[in-house]
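# Chains, contacts and geometry: an overview
Listed below are the residues making up each chain.
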Amino acid sequence: LTPVQLEVEKQSVKLAIETWSGHWRGRNAEAYLGFYAPEFQQETWQNINNKSKINKRNLGLFSEYKKQLFTQKTFIQVGIEALTIYRYPSEKSGDWMYWVSFKQNYQSQDYHGSSKKEQLWRRLPSGQWQIIYEIVNMPQDMVCDGSCDI
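The structure presented is a predicted model; accordingly, all values stated were derived computationally and were not measured.

### Some words on the environment of Gln42
Inspection of the secondary structure puts Gln42 in strand S1 (residues 36-48). With 92 residues separating them along the chain, Gln42 and Glu134 place their C-alpha atoms 4.7 Å apart. A polar contact of 2.6 Å, which involves the side chain of Gln42, links it to the side chain of Glu134.

### Topic: the confidence of the model for the chain
Chain-level pLDDT for the chain is 89 on average; 91% of the residues reach the 70-or-more range. Within the chain, no element has a lower average pLDDT than strand S7 (residues 143-144), which sits at 48, and none a higher one than helix H2 (residues 29-33), at 97.

### Re helix H3 (residues 59-72)
Under the 1.5 Å per step criterion, the end-to-end length of H3 is 20 Å for 14 residues, consistent within 8% with the ideal 20 Å. Every buried residue of H3 is accounted for by Leu59, Phe62, Ser63, Tyr65, Lys66, Leu69 and Phe70. Taken around the axis of H3, the buried residues stretch over an arc of 165°, which confines them to a single face. Every exposed residue of H3 that faces more than 90 degrees away from the buried side is listed here: Glu64 and Thr71. Contacts from the buried residues of H3 go to helix H1 (3-25), H2, S1, strand S2 (51-58), strand S3 (76-89) and strand S6 (129-138). Of the residues that open H3, the one with a side-chain oxygen 3.1 Å from the backbone nitrogen of Gly60 is Asn58.

### Quick notes on the pairing of strand S4 (residues 96-108)
Examined bridge by bridge, S3 and S4 share twelve bridges and lie antiparallel to one another. Residue pairing in the sheet places Ile85 in a bridge with Val100 of S4. Of the strand pairs in this sheet, S4 and strand S5 (residues 111-123) are connected by ten bridges, and their pairing is antiparallel. Its bridge partner being in S5, Tyr98 is matched across the sheet by Trp121. Linking two consecutive strands that pair antiparallel, namely S4 and S5, is a turn of two residues.

### Quick word on H1
Helical periodicity: at 3.6 residues per turn, an α-helix aligns residues three or four positions apart in one direction. With 23 residues, H1 should cover 33 Å at 1.5 Å per step; its first-to-last C-alpha distance of 33 Å lies within 8% of that length. Among the residues of H1, Glu9, Val13, Ala16, Ile17, Trp20, Ser21 and Trp24 are the ones counted as buried.

### A look at the environment of Arg123
Residue position: Arg123 is located in strand S5. Counting along the chain gives 39 residues from Arg123 to Thr84, while the straight-line C-alpha distance between them is 17 Å. A polar side-chain atom of Arg123 sits 3.5 Å from a polar atom in the side chain of Glu9.

### Regarding the pattern of salt bridges
Using the criterion set out here, one finds five salt bridges in the structure. The salt bridge involving Arg123 is made with Glu9; its shortest N-O contact spans 3.5 Å. With Arg123 in strand S5 and Glu9 in helix H1, the pair connects residues that are 114 residues apart, well separated along the chain. Taking the shortest distance from any N to any O, the salt bridge between Asp110 and Lys73 comes out at 2.6 Å. Note that Asp110 is positioned in the loop between S4 and S5 and Lys73 in the loop between H3 and S3, a separation of 37 residues in sequence.

Cut-off values and rules
Residues numbered from 1 in each chain as written. Predicted model: local features only at pLDDT ≥ 70, side-chain atom pairs only at ≥ 80, totals over all residues. Heavy atoms only, no water. Helix = DSSP H or I, 4+ residues; strand = E, 2+ residues; numbered from the N terminus. Polar contact = N/O pair within 3.5 Å; in protein donor to acceptor, adjacent residues only side chain to side chain. pLDDT = per-residue confidence, 0-100. Expected span 1.5 Å × (residues − 1). Buried < 20%, exposed > 50% of the residue type's maximum accessible area, 1.4 Å probe, protein only. Arc of directions from axis to C-beta. Contact = heavy atoms within 4.5 Å. Pairing = 2+ DSSP bridges. Salt bridge = Lys/Arg side-chain N within 4 Å of Asp/Glu carboxyl O.

This is the structure we're talking about:
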């Protein structure tokens, strides 16, 4: 890729991230979940009392969780800061994907906080972008009543 082509691809990823987060803010579960690949995996990391806790979800568990939360929330605000986008090789297909990382600021009626999120995005032949992997690093001092939407 030329530097111009690479910049065009990164802008396409950025637009996909903005659209994805817009569906999240709008609590549009179908459109939001449409950004996740069938083989999607999520890992959530949190350090509690100097002990690491890891929670893992596949697409099925993640979808159930998000659909339930979207019906419970009266509003969702999601802000993205410090977005970085890196081109990343795919071992399976030989294609290139994009590894993104950002600080996520989240607020709803019963949860607010910031976390670091990393995602692996790939483009389908149709041009649609999908998230295939996600790591969420939660802070120790998060405020949550048990229905955190990360």
